[in-house]
Amino acid sequence: MYKVHKSLYILSAAWKSQWPTHDLPEICLAGRSNVGKSSLINTICNHNGLAKVSGTPGKTRTLNFFNINDEICLVDVPGYGYAKVNDKIKESFGEMIDTYLRQRSQLKGLILIVDYRHKPTQDDIQMYDYAKYYEIPVIVVATKEDKLKRNDLKKNEKFIKETLDFDDNDYFIPFSALKKIGVDQLWNAIFKLID
């Protein structure tokens, strides 16, 4: 079981020139605006206020870098699919994420966060396809596991994987921030990607 002793916000970057200079392997987290990205970061890092949980979806406008135990860096990217953000901002989000995913040599993998209760959106599919195109390993984390009945878990996992055209070399992890389900599994998958 991986223990987080140190979790620090490093910086927020809108441009490549602002990316931190370090040798830590990086894992990027992507998902829709209200899928529970901040809660996931806070849960796996055992640190309630590390990533700001906002009542307003679409708050993250930059890449946010977090140092975990001086061993790994988690990078939170702006949530996608949020309607109230204008097209110009959406476009700049897209460019910022695209540049990071294509050019960051420290990047070892992508955590794609989806809602266990729903079919992945077109944006989720695009993000997954994009990562596959650039040969970035993916961990699909299905949040809100606690909101599903036991007999729906397998069925929903199946339609999530079918919708994404899931590659069996990737990881699929059921997750609940509330019940702390999937935390160890997620750290194990992360460390397999950075080894």
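For the structure, see preceding data.
Below is a short write-up of the structure. (Residues numbered from 1 in each chain as written. Predicted model: local features only at pLDDT ≥ 70, side-chain atom pairs only at ≥ 80, totals over all residues. Heavy atoms only, no water.)

1. Things to note about the overall build of the protein
Scanning the protein from terminus to terminus reveals five helices and seven strands. In the protein, the succession of α and β elements from N to C terminus is β-β-α-β-β-α-β-α-β-α-β-α. In the protein, which comprises 195 residues, the share counted as buried stands at 50%. Contacts in the protein between residues far apart in sequence, at least 24 positions, make up 76% of those at least 6 positions apart. (Helix = DSSP H or I, 4+ residues; strand = E, 2+ residues; numbered from the N terminus. Buried < 20%, exposed > 50% of the residue type's maximum accessible area, 1.4 Å probe, protein only. Contact = heavy atoms within 4.5 Å.)

2. Looking at the sheet that holds strand E3 (residues 63–68)
Strand order in the open sheet made by the seven strands is E1-E3-E4-E2-E5-E6-E7, with mixed pairing throughout. This sheet does not close on itself; its edge strands, each paired only once, are strand E1 (7–13) and strand E7 (171–174). Across the sheet, the axes of successive neighbouring strands diverge by a mean angle of 25 degrees, strand direction being ignored. Relative to strand E6 (residues 138–143), strand E5 (residues 107–115) is paired through six bridges, and the arrangement is parallel. Bridging from a neighbouring strand, Asp 115 pairs with Thr 143 of E6. Packing of helix H3 (residues 122–133) onto the sheet brings it into contact with strand E2 (26–31), E5 and E6, and relative to E5 it is tilted by some 160 degrees. (Pairing = 2+ DSSP bridges. Axes fitted to C-alpha atoms, helices over the stretch in contact; angles between N-to-C directions.)

3. Comments concerning the pairing of E7
Pairing geometry for E6 and E7, over four bridges, is parallel. When the bridges of E7 are listed, Val 141 appears paired with Ile 173. In the classification by handedness, the crossover that spans E6, the intervening helix H4 (residues 150–164) and the parallel E7 is right-handed. (Right-handed = clockwise from strand over helix to strand, strands pointing away.)

4. Concerning the packing of aromatic side chains
Applying the stated criterion to the full structure yields eleven aromatic pairs. Ring plane angle 55 degrees and centroid distance 4.9 Å describe the contact between Tyr 130 and Tyr 134, whose orientation is recorded as tilted. Here Trp 187 and Phe 191 contribute two aromatic rings whose centre-to-centre distance is 6.1 Å and whose plane-to-plane angle is 40 degrees, an arrangement assigned as tilted. With a gap of four residues between them, Trp 187 and Phe 191 both fall in helix H5 (residues 183–194), about one helical turn apart. Its relative accessible area of 1% is what places Trp 187 among the buried residues. An aromatic cluster of at least three residues, connected via ring pairs, comprises Tyr 116, Tyr 128, Phe 166 and Phe 172. (Phe/Tyr/Trp six-rings, centres within 6.5 Å; stacked < 30°, edge-to-face > 60°.)

5. Side note on the pattern of salt bridges
Under the criterion given, the structure shown has 14 salt bridges. A salt bridge links Asp 170 to Lys 132; the shortest N-O distance between them is 2.9 Å. Of this pair, Asp 170 sits in the loop between H4 and E7 while Lys 132 sits in helix H3, and the two are 38 residues apart along the sequence. With relative accessibility at 9%, the residue Asp 170 sits in the buried group. Lys 154 serves as the salt-bridge partner of Glu 157, at 3.3 Å between the closest nitrogen and oxygen. Pair noted here: Glu 157 and Lys 154 are both in helix H4, with a separation of three residues, about one helical turn. Because the salt bridges share partners, they merge into one network encompassing Asp 115, Arg 117 and Lys 144. (Salt bridge = Lys/Arg side-chain N within 4 Å of Asp/Glu carboxyl O.)

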